[in-house]
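Structural overview for review
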Amino acid sequence: MTPTTRQEVLGLYRKILQIAKNWQSASGQIEETMREKEYIRNEARTLFRKNRNVTDPKLIKQCIEECEARIEIGLHYNIPYPRPIHLPPMGLAHKQGRTLRHQEKLRKISKPIYLKSHEEVS
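In short, a report on the structure.

Criteria and thresholds
- Positions within a chain are numbered from 1, following the residues in the order the chain's sequence is written.
- Only residues with pLDDT of 70 or above have their local features reported here, since the model is predicted, and side-chain atom pairs are shown and tallied only from 80 upward, although totals for entire chains, interfaces and linings are computed over all residues.
- Computation of side-chain values: all heavy atoms of the structure, hydrogens and water removed.
- Under the scheme used here, helices are H or I runs from DSSP no shorter than 4 residues and strands are E runs no shorter than 2 residues, and both carry numbers assigned from the N terminus.
- Relative accessibility under 20% of the residue-type maximum defines a buried residue, over 50% an exposed one, and the middle range a partly exposed one, all with a 1.4 Å probe and only protein chains included.
- Contacts are residue-level and defined by heavy atoms, with any inter-residue pair within 4.5 Å sufficient.
- Only the protein chains shown count as covering a residue, and every accessible area follows the Shrake-Rupley method with a 1.4 Å probe.
- In this analysis a 1.4 Å probe is tested at points of a 1 Å grid over the protein atoms alone, and where it fits but cannot get out there is a cavity; an open set with protein on both sides within 12 Å along at least five of seven lines is a pocket; lining residues have an atom within 4 Å of a point.
- Grid points are joined across faces, edges and corners, and a volume is the space filled by probe spheres set on the points.
- When two rings of Phe, Tyr or Trp (its six-membered ring) have centres within 6.5 Å they constitute a pair, described as stacked for plane angles under 30 degrees, edge-to-face for angles over 60, and tilted for the intermediate range.
- Note on definitions: angles span 0 to 180 degrees between N-to-C directions of axes, and those axes are lines fitted to C-alpha atoms, for helices only across the stretch in contact.
- Orientation categories follow fixed angle ranges, with anything under 35 degrees roughly parallel, anything over 145 roughly antiparallel, 65 to 115 roughly perpendicular, and all other angles oblique.
- Each crossing is labelled by how the near helix is turned from the far one, with a counterclockwise turn of less than a right angle marking it left-handed and a clockwise turn marking it right-handed.
- Each residue gets one of three labels, nonpolar for Ala, Val, Leu, Ile, Met, Phe, Trp, Tyr, Cys and Pro, charged for Asp, Glu, Lys and Arg, and polar for the others, Gly among them.

**Structural notes on the overall build of the chain**
- Secondary structure assignment for the chain yields 5 helices and 0 strands.
- In the chain, the succession of α and β elements from N to C terminus is α-α-α-α-α.
- For the chain, buried positions account for 29% of its 122 residues.
- Taking all contacts inside the chain whose residues are at least 6 apart in sequence as the whole, residues at least 24 apart take part in 67%.
- Surface accessibility of the chain: about 9100 Å² in total, with carbon and sulfur atoms responsible for 55%.

Spelled out as structure tokens, the structure:
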């Protein structure tokens, strides 16, 4: 990791911790605000530790883009949790064969960048 990239990653981590510190839930309830602040800190800690040993510059760039996207979406919608995606249900495909593999491939490709690591951690 280059020093510039390292500074960018550390800056994102500090930004997330600052957001968690100043976070206010949409409902305004203290319990919910505390729960959401803790979620933000835990999610950041988990994902940054998971990706600590990533050395591929392309993968590092993807992780940075995902982080920035999740920050922007979270601040815009005032929801710390990843927004759900709506894809066609798997029930349309047969239980086996080419159609099922094709459906699975389409679902994987169509997953937004801000959800790439969410299901791996959850």
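The structure having been displayed, the exposition proceeds.
**As for the layout of surface pockets**
- Estimated volume of the largest pocket: approximately 820 Å³.
- Lining the largest pocket we find 37 residues, and of these I16, A44, L47, F48 and C67 sit closest to its centre.
- If you list the elements that add at least two residues to the lining of the largest pocket, you get helix 1 (3-22), helix 2 (30-50) and helix 3 (57-77).

**What to know about the packing of aromatic side chains**
- Evaluation of the coordinates by the stated rule reveals 2 aromatic pairs.
- Relative to F48, the ring of Y13 has its centre 4.8 Å away and its plane inclined at 65 degrees; by these criteria the two rings are edge-to-face. Of this pair, Y13 sits in helix 1 while F48 sits in helix 2, and the two are 35 residues apart along the sequence.
- Residue Y13 is classed as partly exposed on the basis of its relative accessible area, which comes to 24%.
- Overall, the relative accessible area of 25% leaves F48 in the partly exposed class.
- For the pair Y39 and Y81, a centre-to-centre distance of 4.6 Å together with 55 degrees between the ring planes defines the contact as tilted. Here the residue Y39 occupies a position in helix 2, and Y81 occupies one in the loop between helix 3 and helix 4 (98-109), the gap between them amounting to 42 residues.

**Some words on the packing of helix 1 against helix 3**
- At a minimum axis distance of 11 Å, the contact between helix 1 and helix 3 shows a crossing angle of 25 degrees. Regarding the angle of helix 1 to helix 3, the classification is roughly parallel. Crossing of helix 1 over helix 3 shows left-handed handedness. Only I60, I64, C67, E68, I71, E72 and L75 of helix 3 make contact with helix 1, whose side of the interface consists of T5, E8, V9, L12, K15, I16 and I19.
- Partitioned by chemical class, the residues of the contact of helix 1 with helix 3 number 9 nonpolar, 1 polar and 4 charged.

**Observations regarding the packing of helix 1 against helix 2**
- Between helix 1 and helix 2, the shortest axis-to-axis distance is 8 Å and the interhelical angle comes to 165 degrees. By the angle between their directions, the pair helix 1 and helix 2 is classed as roughly antiparallel. Remark: the crossing between helix 1 and helix 2 carries left-handed chirality. Along the contact surface, helix 1 presents V9, L12, Y13, I16, L17, A20 and K21, while helix 2 presents K37, I40, R41, A44, R45 and F48.

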